[in-house]
Amino acid sequence: MTEYDRERERKFKDLLARIVKSPLYKEKLSNYNLNGIGLNQIRTLPLTTKKDLRKAGAFGHLAVEMKEVAQYHESTGTTGEHSSSWFTLQDLGTGGRQLKECGVRLTPEDLVLIRFPYAMALPAFLMQQAAWQSGAGIVPASGRTVVTPYPRVLQLMERLHVTVAAGLPREFELLAETARLIGSTPSKYFPALRAICVAGELMGDKRREHIQKLWGVPVYNMYGSTETANIAAMCEYGIMHIVEQDFFVEVLQEDGSGPVEQGKRGGAAITTFSHRGSPLLRYFNEDIISVEPALCACGRTGGKLVHYGRSKDRIRFGDNVLDGFDIQEAVYSLSPVPDAWKALEQENGLHFLLDSHDSGKWSEDAVRSHLSGKLHVPVTIEIVNDSRLLDRVELVKYVPSTKPVYIQKLT
Ligand SMILES: [Zn+2]
């Protein structure tokens with residue numbers, strides 16, 4: 001056993017000792033003898049499902065006393081269910097370190113604009129930690145708020161010579177479209193910008209290439225969730241490396257029954273080694289991923305992780321299985337890439353709504369055959385020329401929130 005393996009075994013033991021302090025795991029593991037269980041026997045322990053977490057409630061997986069809690073986070077899925085997590089101050093520091101694994105390599109000279117939402121969601125706070133740990137400064141330009149509409153964010157980036165910007169991939173597509181609408185080219189307009197960091201949405205290689213082209217800088221992706229913090233970060237060579245000092249990642253059959261072949265797609269099961277507030281054991285998070293060993297030129301040793309989307313977004317046509325990743329890659333290899341799009345599942349194929357400011361360059365026949373050729377299903381398309389997918393008038397509105405005036409003086 002190498003020193004590295006011994007360290008992971010020690011962390012796993014420590015996790016098993018801590019995790020039973022939470023009501024959920026106290027009950028879940030009550031019939032298991034945890035003494036002497038090593039990582040190679042982790043499969044004898046039960047999975048934790050999203051349903052388990054929901055049933056246990058917000059406090060169900062809390063494994064520390066309230067006096068140790070520094071922050072609570074919660075994300076809401078499309079169907080309204082919550083995912084929650086608790087962070088101690090130490091956990092926030094650990095989360096920041098996980099993002100520092102990213103190939104962007106922040107320095108004290110950097111000024112990082114954070115466009116992740118600052119309400120409830122986790123990434124803004126971890127990015128902030130990563131910046132501070134690197135000595136960099138931040139500009140909190142939260143998304144999803146009336147305080148920082150798109151034109152203002154562009155203005156901040158230019159005026160403050162922001163060097164790194166971080167947010168959801170969609171935000172950088174919308175910011176680029178806003179820039180175009182107000183007459184500037186993002187790849188030329190922000191000379192200080194050197195990189196973009198994204199997280200929180202599915203982002204395949206084609207989408208990454210698109211955002212890199214829009215902005216003229218490298219884009220680094222990160223993979224994580226509210227419940228686990230950041231599991232993998234992208235290096236200079238575009239590989240997402242698992243942060244193995246903090247996570248044990250399994251790739252299982254869709255029903256969770258057993259492992260898939262190395263490198264094949266399957267359901268992720270995440271065990272958190274380091275998280276103290278709300279640690280998780282074999283958390284079956286309903287994401288489709290693949291993992292394989294990576295001998296990467298960057299020198300990082302963490303396994304290579306690819307994220308293919310959520311299992312509930314998986315569409316089957318007979319034997320043809322399409323993940324969010326497959327559909328996204330097909331769409332983002334169109335020329336021009338749409339500014340906005342939507343794929344609708346039909347009885348025996350897919351219907352695409354596509355919107356581009358440059359849609360004159362599309363031929364309907366060519367777009368249809370490109371998509372059906374990539375996806376191996378019948379495709380119908382509709383080129384959208386109104387605001388159904390993207391309201392460009394809203395995008396350029398410079399509408400800051402109005403501050404209430406409590407005392408009005410005579411002028
Ligand atoms: Zn690498």
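Values in this document were obtained by computation on a predicted structure and should not be read as measured data.

Looking at the domain arrangement of the protein chain
No. 1: Domain parsing of the protein chain yields domain 1 (1–297) and domain 2 (314–408).
No. 2: Each of domain 1 and domain 2 was reduced to a C-alpha centroid, and the two centroids are 26 Å apart.
No. 3: Tallying the contact residues gives 25 residues for domain 1 and 23 residues for domain 2.
No. 4: Both sides together, the interface formed by domain 1 and domain 2 hides about 2,100 Å², and carbon and sulfur atoms give 57% of it.
No. 5: Linking domain 1 to domain 2 there are five salt bridges.

Looking at the pairing of strand β6 (residues 164–167)
Consecutive side chains along a regular strand alternate between the two faces of the sheet.
No. 1: Judged by which residues are buried, β6 turns out to be covered on both faces: Val164 and Ala166 on one side and Ala165 and Gly167 on the other are all buried.
No. 2: With three bridges connecting them, strand β4 (residues 111–114) and β6 associate as parallel partners. Bridged to Val112 within β6 is Val164.

Re the side chain of Glu227
No. 1: Within the secondary structure layout, Glu227 lies in the loop between β8 (219–225) and β9 (229–234).
No. 2: Of the polar contacts made by the side chain of Glu227, one reaches the side chain of Ser83; its length is 3.4 Å.
No. 3: One polar contact links Glu227 to Tyr283, side chain to side chain, over a distance of 2.4 Å.
No. 4: With residues up to four places along the chain from it excluded, the contact list for Glu227 reads Lys50, Leu53, Ser83, Ser84, Ser85, Ser278, Leu280 and Tyr283.

Structural notes on the coordination of the zinc ion
No. 1: Looking at the zinc ion, one finds its protein donor set to be Cys235 (SG), His241 (NE2), Cys296 (SG) and Cys298 (SG), positioned 2.1 to 2.3 Å from the metal centre.
No. 2: One way to put it: the four donor atoms around the zinc ion meet at angles of 101 to 113 degrees, and that makes the site tetrahedral.
No. 3: Read in sequence order, the donor residues coordinating the zinc ion give the pattern C-x5-H-x54-C-x1-C. Placement of the pair is Cys235 in the loop between β9 and β10 (240–242) and Cys298 in the loop between β13 (283–292) and β14 (304–310), with a sequence separation of 63 residues.

Re the packing of helix α7 (residues 169–181) against helix α9 (residues 205–215)
No. 1: With their axes 10 Å apart at the nearest point, α7 and α9 run at an angle of 35 degrees to one another. Viewed along their axes, α7 and α9 form a crossing whose handedness is left-handed. Where α7 approaches α9, its residues Pro169, Arg170, Phe172, Glu173, Leu175 and Ala176 are matched on the opposing element by Arg207, His210, Ile211, Leu214 and Trp215.
No. 2: Across the contact of α7 with α9, the residue classes tally to seven nonpolar, one polar and three charged.

Observations regarding unusual backbone geometry
No. 1: With omega at -5 degrees, the peptide bond leading from Ser335 into Pro336 counts as cis.
No. 2: The topology assignment puts Pro336 in the loop between α10 (324–332) and β17 (340–346).
No. 3: Phi at His161 is positive, roughly 55 degrees, even though this residue is not glycine.
No. 4: Tracing the backbone shows His161 in the loop between α6 (150–159) and β6.

Examining the nonpolar core
Side chains of a nonpolar character, in soluble globular proteins, are inclined to be buried together.
No. 1: With 42 residues, the main nonpolar core has Met127, Val249 and Leu305 as its most contacted residues.
No. 2: Ranked by residue count, the leading element in this core is helix α5 (residues 123–133), at six residues.
No. 3: Beyond its immediate chain neighbours, meaning those up to four positions away, Val249 contacts Ile231, Ile242, Ala269, Ile270, Ile289, Val291 and Leu305.
No. 4: Among the nonpolar cores identified, the runner-up in size contains 27 residues, and Met157, Phe190, Leu193 and Met203 belong to it.

Section: the pairing of strand β19 (residues 379–383)
No. 1: By the bridge criterion, five bridges tie strand β18 (residues 349–355) to β19 in an arrangement that is parallel. Bridging from a neighbouring strand, His351 pairs with Thr380 of β19.
No. 2: In the classification by handedness, the crossover that spans β18, the intervening helix α11 (residues 364–375) and the parallel β19 is right-handed.

Describing the state of the cysteines
No. 1: Following the criterion strictly, the structure yields zero disulfides and no others.
No. 2: There is no disulfide at Cys197, and the cysteine sulfur nearest it, in Cys102, is 4.3 Å away.

Some details on the side chain of Thr94
No. 1: With respect to the helices, strands and loops of the structure, Thr94 is situated in helix α4 (residues 89–100).
No. 2: Other than its neighbours up to four places away in sequence, Thr94 contacts Asp246 and Ser274.

A word on the pattern of salt bridges
No. 1: For the structure on display, the rule yields 33 salt bridges.
No. 2: In this structure, Glu3 and Arg6 form a salt bridge, with 3.4 Å as the shortest nitrogen-oxygen distance. Residue Glu3 and its partner Arg6 are both found in helix α1 (residues 3–19); the two are separated by three residues, about one turn of the helix.
No. 3: Overall, the relative accessible area of 53% leaves Glu3 in the exposed class.
No. 4: A salt bridge links Lys397 to Glu394; the nearest nitrogen and oxygen atoms lie 2.9 Å apart.
No. 5: On the basis of relative accessibility, which here comes to 45%, the residue Glu394 falls in the partly exposed class.
No. 6: A single salt-bridge network, built from bridges that share partners, covers Glu254, Arg265, Arg314, Arg316, Asp323 and Asp326.

Thresholds, definitions, all that
- Residues numbered from 1 in each chain as written.
- Predicted model: local features only at pLDDT ≥ 70, side-chain atom pairs only at ≥ 80, totals over all residues.
- Heavy atoms only, no water.
- Domains from an automatic or database assignment.
- Contact = heavy atoms within 4.5 Å.
- Buried area = accessible area lost by both parts, 1.4 Å probe.
- Salt bridge = Lys/Arg side-chain N within 4 Å of Asp/Glu carboxyl O.
- Buried < 20%, exposed > 50% of the residue type's maximum accessible area, 1.4 Å probe, protein only.
- Helix = DSSP H or I, 4+ residues; strand = E, 2+ residues; numbered from the N terminus.
- Pairing = 2+ DSSP bridges.
- Polar contact = N/O pair within 3.5 Å; in protein donor to acceptor, adjacent residues only side chain to side chain.
- Donors = N, O, S within 2.8 Å, 3.2 Å for Na, K, Ca; no water.
- Tetrahedral: all angles 85-135°; square planar, octahedral: opposite > 155°, others 65-115°.
- Axes fitted to C-alpha atoms, helices over the stretch in contact; angles between N-to-C directions.
- Left-handed = near helix turned anticlockwise from the far one by under 90°.
- Nonpolar A, V, L, I, M, F, W, Y, C, P; charged D, E, K, R; others polar.
- Core = buried A, V, L, I, M, F, W, Y, C linked by side-chain atoms within 4.5 Å.
- Right-handed = clockwise from strand over helix to strand, strands pointing away.
- Disulfide = S-S within 2.5 Å.

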